[in-house]
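Descriptive structure summary
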Amino acid sequence: MSGSGSSLPAASILCAIAAAAHGASALCPAEDTGLTLPPGFCASIFADDIGHARHLVVAPNGVVYINTRLHRNSGSTEPFPGGFLVALKDTTGSGKADVVERFGETYASGGTGGTGIGMYNGALFAEVDDKIMRFALPAGAIVPPDRGEPVVTGLPVGGDHPMHPFAIDAAGLMYLDVASATNSCQLQNRTARSPGANPCTELKTRGGIWRYDAKRTHQAFSQAERFATGIRNAEGFGIDAAGHRLFVTQHGRDQLQANWPDLYKPEQEATLPAEELLLLTQGGDYGWPECYYDPVQAALVLAPEYGGDGGKRRGVCTRKLAPIAAFPAHWAPDGMAFYKQQQFPAHYRGGVFIAFHGSWDRAPYTQQGYNVVFQPLAGGASGGACEIFADGFAGGQKSPGTALHRPTGIAVAPDGALFVSDDVRGRIYRIEYRGAPGMEGANASFTPCPSAMAPAGPSTLPAL
C-alpha cells in the first residue's frame, strides 16, 4: 500500500486502539484456560488429561517430557496404558501437542511413577520409584529406545514425602531432594504433644539434599553424598544462568496449633510457618526439624517439639541458615524455574517462577496458593517482594478436594515460553508473552503476593 493515508475504516482503527489498550486480550488465542496473567501474556492448553503430571522439562528440540505419578486415590486401576513418563510434541506449530508417547515403567511392571525429571548432555533423567534413571535419546528420537540405566538406586521412599525432585548443573552434578518421612520428627508423627526425637536419626537418610554425578551410573544411595541438611521437603530447584548458585524451595512444617494448642492461637495454624526459598551451600543446615521460620520476626525460631515456647525462644536456631525469601504459610511450593531466556520482558530475567500446589492446613480459614508466582532475585538474595504471575488454576474454590487444577511442575522452553503442569487432571499449560514493547517497564502491571505476615483472613466456620 502506498501513500500517506490509511485505507482502514474508522471503526477498525478504533478497534485496534482498543485492542492495544487492553494488552493481551486481543492478542491471545480465543481459548478459555481460566488463568489470570499480567497484561501482554497469553496462556494456552498444550495438552490435557495426560495423568497426574508432576514435574516437566523441555528439550532443546521443543519436546516436553513429563513425569507422572500414580495418584494415592487411584486404587489398583492404572489411569492410562503405557509408561508413567510422557513425551509431548507439537509438530504442526499449532501450539498443541499432536504427538503423545508414553514410556518407562508401567503399573503392570510394578511402577508407581515419580516427580523428578531433567535433561543433561542430550539425555533424559527421571525419578522412577526409588531410582533416578538415565534415558539416552538418539538423534531424531522422541522416546528412548530402551529401558534406560540407573544413575542412583536405593533412594528412601515411604512416609510423608516419598518424592525425589532434582536438578543437574552445567558440570553434571545432580542435586537430589530426599525429603522427610515425617512432619516434624516427632516420636509419634503428627500426634498432639508428642516430643521430637532427639537426636532426629531420620536426618541420616532424609530431610536434605544429596549430590551425585549425573555422568556416572549405578551409584548407590548413602549418607556420604549428603550435600545439605535440615530441609523438610525441597520440591523446587533452580540454578542461575551462570551455574554458580543453586536455590531450592522449602515446604514449612504443618500442624503447629493443631498439635500444640496451648502454645499457638487458632489463626496461627493458617499463618505459621512461612514457606521458604533457600540458597544452598555445601554443608548448610537449614533448621528442620528443630526450627521453623516466623515471618513476623523474620527469624528461625525453636519448634515446640524441641523446647520451643510458641515462637519466642530461638536456641540452636540462631546457628541455622535462614531463607532468602518467605511466602505465606502452607502454599506448598513445588516446581521452580529460573528465567534465562529473552521472550519475557526484562523484568523477569534472572528471577524464578514457582508453582504453588496449594494449601490444606489453613482450615477453618480459607485455603490459599494454587498459583504461579514470580520471585525477583539479585544475585544470591531476594530482589524484592514476590508477584502473583498466574492464578485461576483451582477454579471457583481453592481447596485440595475441589480444585480443578493444581500447578505442580514448571519449566522454561528454549523459545522462552513457560510450561506449567497440573497433577489433578493432567493439564499442561503454555504461557508466552505477546505484548507490545510499550507494555514493559513503567507501564508494566504486577500483582503483589500477600505478605508472609498477612493475617489468616475470615474463618469458613458458620457464625454462631
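Look up: the structure comes first, before these words.
Residues numbered from 1 in each chain as written. Predicted model: local features only at pLDDT ≥ 70, side-chain atom pairs only at ≥ 80, totals over all residues. Heavy atoms only, no water.

Turning our attention to the side chain of T68. Looking at the secondary structure, you find T68 in strand 3 (residues 64–68). Within the local environment of T68, its side chain forms a polar contact with the backbone oxygen of F84, the two atoms lying 2.6 Å apart. Sequence-distant contacts of T68, defined by excluding residues within four places in its chain, comprise I50, H52, A53, R54, F84, V86, G113 and G114. (Helix = DSSP H or I, 4+ residues; strand = E, 2+ residues; numbered from the N terminus. Polar contact = N/O pair within 3.5 Å; in protein donor to acceptor, adjacent residues only side chain to side chain. Contact = heavy atoms within 4.5 Å.)

Overall, the coordinates contain 25 aromatic pairs when judged by the stated rule. Plain terms: the ring middles of W331 and F356 are 5.3 Å apart, the flat faces sit at 85 degrees to each other, and that makes the pair edge-to-face. One end of the pair, W331, is in the loop between strand 20 (325–327) and strand 21 (333–338); the other, F356, is in strand 22 (residues 352–356), and 25 residues separate them in sequence. Residues W331 and F356 agree in their burial class; the two are buried. Here F344 and Y348 contribute two aromatic rings whose centre-to-centre distance is 6.0 Å and whose plane-to-plane angle is 75 degrees, an arrangement assigned as edge-to-face. Like Y348, F344 is buried. An aromatic cluster is defined as three or more aromatic residues linked by ring pairs; in this entry it consists of F41, Y339, F344, Y348, F353, F374, F389, Y433 and F446. (Phe/Tyr/Trp six-rings, centres within 6.5 Å; stacked < 30°, edge-to-face > 60°. Buried < 20%, exposed > 50% of the residue type's maximum accessible area, 1.4 Å probe, protein only.)

In total, this model carries four disulfides according to the counting rule given. The side chain of C28 participates in a disulfide bridge whose partner is C42; the two sulfur atoms lie 1.9 Å from each other. Note on the C28 and C42 pair: the S-S dihedral is about -85 degrees, so by sign convention the disulfide is left-handed. Within this pair, whereas C28 is found in the loop between helix 1 (10–21) and strand 1 (41–47), its partner C42 is found in strand 1, the two being separated by 14 residues in sequence. Shown here is the disulfide that connects C185 with C200, its sulfur atoms set 2.1 Å apart. Taking the sign of the S-S torsion, about 100 degrees here, the bridge from C185 to C200 comes out right-handed. Here C200 lies in the loop between strand 11 (173–178) and strand 12 (208–213) and C185 lies in the loop between strand 11 and strand 12, a separation of 15 residues in the sequence. Counting only the cysteines that take part in disulfides, in the order they occur along the chain, gives the pairing 1-2, 3-4, 5-6, 7-8. (Disulfide = S-S within 2.5 Å.)

Nothing here speaks to function; it is all geometry.
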